[in-house]
Amino acid sequence: LFDGVYPFYLQQRKVAVFDVSSIIVIVVFLTFACSFLLIIPGIRGRARLYWTLRVLLSLLVGVVIVALQFTGDWETGWVTANTSYKSFSHALVNADIGLHVGLAGVNVTLMGNPVNQVNETIDYNEHFAWSFDADYDHSYSEGLERGLPSPILYVAEKFTTQSPCSMHRQYRISGHYASATLWVAFCTWLVSNMLFSMPVLVYGGYMLLVTGAFMIFSLLSFSTVRNTLVCPIQFGTEILHISYGGSFWLTLAIGLLCFVAGITVVALHYFSLDLLKTFFDLHEDKAEEHQEMTEVYVNAHFMNNGQ
């Protein structure tokens, strides 16, 4: 407080779940999808349906793998509580406090019930990053200097390096390994698409299995934070419990989709190769290569000379 006036600080520094990077990734992949839909009428017959399924499913896997790097809801939690709003003030507010954990940091949100209380608009969201090029403790110190609300600082303090909870180190390391394995999954996804464009479909299926495996590895890496004792985040009698969020379950779903698609391709290669080639629009080309000539034209002059 400065002569009874609350200090000014910025609001809405980062969206809790989606940020600009995620939107850019989605727009890029949507552009690819729309471009393909413009040329799909030029494909005739059942191949049009097969091409549509292959391309759209492939783009779905790719956009999810990349966008998950920037989402902030791998773990989420909400609690409604009566809590102090500012340091050195006895005023209590009723608010929703949210915690959103991503691979590169945490978002702490505070929304009043109602929004306008104690002559202020209580609607805040603060991001604290722990990526390699970011200093979490420095971001927390800046929050202290700007006079952020006490609930936000209380939750953010749990993830500082000086906190006895040791949550910062565990979340930071698990997030980095999960991010790295997702980038490897993106590379294997690119390789699988290149293999599917060549007559080596079974190897494309194998690479889809590898893609699904690395996505599952990212989940295993992130879930290691559950092996450590998490300090309770308590507001009076209410406790903020966190659980796996939408990004975690979306990664699991796409990983299982890659497994199903990969197993299907490999199984069709060994048990129904013609059906697999038809789906990838290779059956007709193969048939044309081995098509026997029905008519033969012989030059009588050369036949007579040969005799």
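Small disclaimer: the values here were computed from a predicted structure and weren't measured.

Q: How should the nonpolar core be read in this particular structure?
A: Across soluble globular proteins, you tend to see nonpolar side chains buried next to one another. Of all hydrophobic cores here, the largest spans 56 residues; its most connected members are Leu-99 and Tyr-171. Those residues in contact with Tyr-171, other than ones at most four positions away along the chain, are Glu-75, Val-101, Trp-130, Phe-159, Phe-222, Val-225 and Ile-242. Listed in part, the six residues of the second largest apolar core include Phe-196, Val-265, Leu-276 and Phe-280.

Q: Can you walk me through the sheet that holds strand β1 (residues 75–84) in this structure?
A: Sheet strands pair by backbone hydrogen bonding; their relative direction is either parallel or antiparallel. With respect to topology, five strands assemble into an open sheet ordered β4-β3-β2-β1-β7, the strand pairing being antiparallel. Every other strand in the sheet has two partners, leaving β4 (120–129) and β7 (243–244) as the edge strands with one partner each. Sheet analysis places strand β2 (residues 92–101) next to strand β3 (residues 105–117), joined by seven bridges and oriented antiparallel. Counterpart to Leu-99 in the pairing with β3 is Val-108.

Q: Sorry, what's going on with a nonpolar patch on the surface here?
A: On the surface, Leu-49, Leu-53, Leu-57, Leu-60 and Leu-257 cluster together into a nonpolar patch covering about 410 Å² of accessible area. At four residues, the largest contribution of residues to the nonpolar patch is made by helix α2 (residues 47–67). For Leu-57, the position within the fold is in helix α2. What makes Leu-57 partly exposed here is its relative accessible area of 43%.

Q: For this particular structure, what's the right way to read the UniProt feature "transmembrane region" (unreviewed entry) in the protein?
A: As recorded in UniProt, the feature "transmembrane region" (unreviewed entry) lies at residues 20–39, 51–71, 91–110, 177–196, 202–225 and 246–271. As annotated, residues 177–196 has a helix share of 100% and a strand share of 0%, and its two end C-alpha atoms lie 29 Å apart.

Reading the values: the criteria
Residues numbered from 1 in each chain as written. Predicted model: local features only at pLDDT ≥ 70, side-chain atom pairs only at ≥ 80, totals over all residues. Heavy atoms only, no water. Core = buried A, V, L, I, M, F, W, Y, C linked by side-chain atoms within 4.5 Å. Buried < 20%, exposed > 50% of the residue type's maximum accessible area, 1.4 Å probe, protein only. Contact = heavy atoms within 4.5 Å. Pairing = 2+ DSSP bridges. Helix = DSSP H or I, 4+ residues; strand = E, 2+ residues; numbered from the N terminus. Patch = residues over 30% accessible without salt bridge, like charges linked within 9 Å, V, L, I, M, F, W, Y side chains within 5 Å. Areas by Shrake-Rupley, 256 points an atom, 1.4 Å probe, with all protein chains shown as cover. Salt bridge = Lys/Arg side-chain N within 4 Å of Asp/Glu carboxyl O. UniProt positions renumbered as here; feature names shortened; annotations may be inferred.

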